[in-house]
Amino acid sequence: MAKMTKSQMLQSLAEQCGMSKMDAGMVLETLVNLAYSEVKKNDEFVIPGMGKLVKVKRLARMGRNPATGASIQIPAKTVVKFRVAKAAKEAVL
């Protein structure tokens, strides 16, 4: 089974909500931009029933170069993770 494309997602969203495909695209784009700004500002963005985007600080650590086997120092950095909500896990699994 093929994955749903963005165009197919917008078509489905438009049909189920009774709006045009262009309006559905604007809603999706607005949601994405809102998520980015909220994670940047407040360190997390929650989509009820689906999960949340969370900014996480990773500590510096030792790693290994797989090509040479040499130990390397991996610097500390901040990453964004998506934590799936319990309701979404139960609905899918």
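Residues numbered from 1 in each chain as written. Predicted model: local features only at pLDDT ≥ 70, side-chain atom pairs only at ≥ 80, totals over all residues. Heavy atoms only, no water.

(A) Summary view of the overall build of the protein chain. Along the protein chain, the regular secondary structure elements total 3 helices and 5 strands. Starting at the N terminus, the α and β elements of the protein chain follow one another as α-α-β-β-β-β-β-α. The C-alpha radius of gyration computed for the protein chain amounts to 19 Å, which surpasses the reference 12 Å derived for 93 residues by more than 25%, pointing to a less compact arrangement than a globule. Seen through its C-alpha atoms, the protein chain measures out along the principal axes to roughly 55 × 35 × 30 Å. Sorting the 93 residues of the protein chain into buried and exposed places 14% on the buried side. In the protein chain, of all internal contacts separated by at least 6 residues, the share reaching a separation of at least 24 is 30%. Looking at the protein chain as shown, the accessible area adds up to about 7,600 Å², and 61% of this sits on carbon and sulfur atoms. (Helix = DSSP H or I, 4+ residues; strand = E, 2+ residues; numbered from the N terminus. Rg over C-alpha atoms; globule rule 2.2 N^0.38 Å. Buried < 20%, exposed > 50% of the residue type's maximum accessible area, 1.4 Å probe, protein only. Contact = heavy atoms within 4.5 Å. Areas by Shrake-Rupley, 256 points an atom, 1.4 Å probe, with all protein chains shown as cover.)

(B) Quick look at the pattern of salt bridges. Tallying each qualifying case throughout the model produces 4 salt bridges. For K52, the salt bridge goes to E44, with nearest N and O atoms at 3.5 Å. Look at K52 and you get partly exposed, because its relative accessible area is 27%. (Salt bridge = Lys/Arg side-chain N within 4 Å of Asp/Glu carboxyl O.)

(C) Quick look at unusual backbone geometry. The phi torsion at D43 lies on the positive side, around 70°, for a residue other than glycine. With respect to the helices and strands, the residue D43 is situated in the loop between helix 2 (21-42) and strand 1 (44-47).

(D) Just helix 1 (residues 6-17), in detail. The terminal C-alpha atoms of helix 1, which comprises 12 residues, lie 16 Å apart, in line with the 16 Å expected from a rise of 1.5 Å per residue. Looking one or two residues past helix 1, G18 carries a phi angle of roughly 65°, positive in sign. (Expected span 1.5 Å × (residues − 1).)

(E) Region of interest: the sheet that holds strand 5 (residues 77-84). Ordered by their spatial adjacency, 3 strands build an open sheet running 1-2-5, and the pairing between neighbours is antiparallel. In the strand order of this sheet, the two ends are held by strand 1 and strand 5, each with one partner. The sheet shows a mean angle of 25° between the axes of neighbouring strands, direction not considered. (Pairing = 2+ DSSP bridges. Axes fitted to C-alpha atoms, helices over the stretch in contact; angles between N-to-C directions.)

(F) Main features of a nonpolar patch on the surface. The grouping of M50, F82 and V84 at the surface amounts to a nonpolar patch, some 270 Å² of accessible area in total. You can see M50 is positioned in the loop between strand 1 and strand 2 (51-58). (Patch = residues over 30% accessible without salt bridge, like charges linked within 9 Å, V, L, I, M, F, W, Y side chains within 5 Å.)

(G) Summary view of the packing of helix 1 against helix 2. Look at helix 1 against helix 2: their axes get within 8 Å of each other, and the N-to-C directions meet at 110°. Between helix 1 and helix 2, the angle is such that the two are roughly perpendicular. In contact with S7, M9, L10, Q11, L13 and A14 of helix 1, helix 2 contributes K21, A24, G25 and L28. Taken together, the residues of the contact of helix 1 with helix 2 break down into 6 nonpolar, 3 polar and 1 charged. (Parallel < 35°, antiparallel > 145°, perpendicular 65-115°, else oblique. Nonpolar A, V, L, I, M, F, W, Y, C, P; charged D, E, K, R; others polar.)

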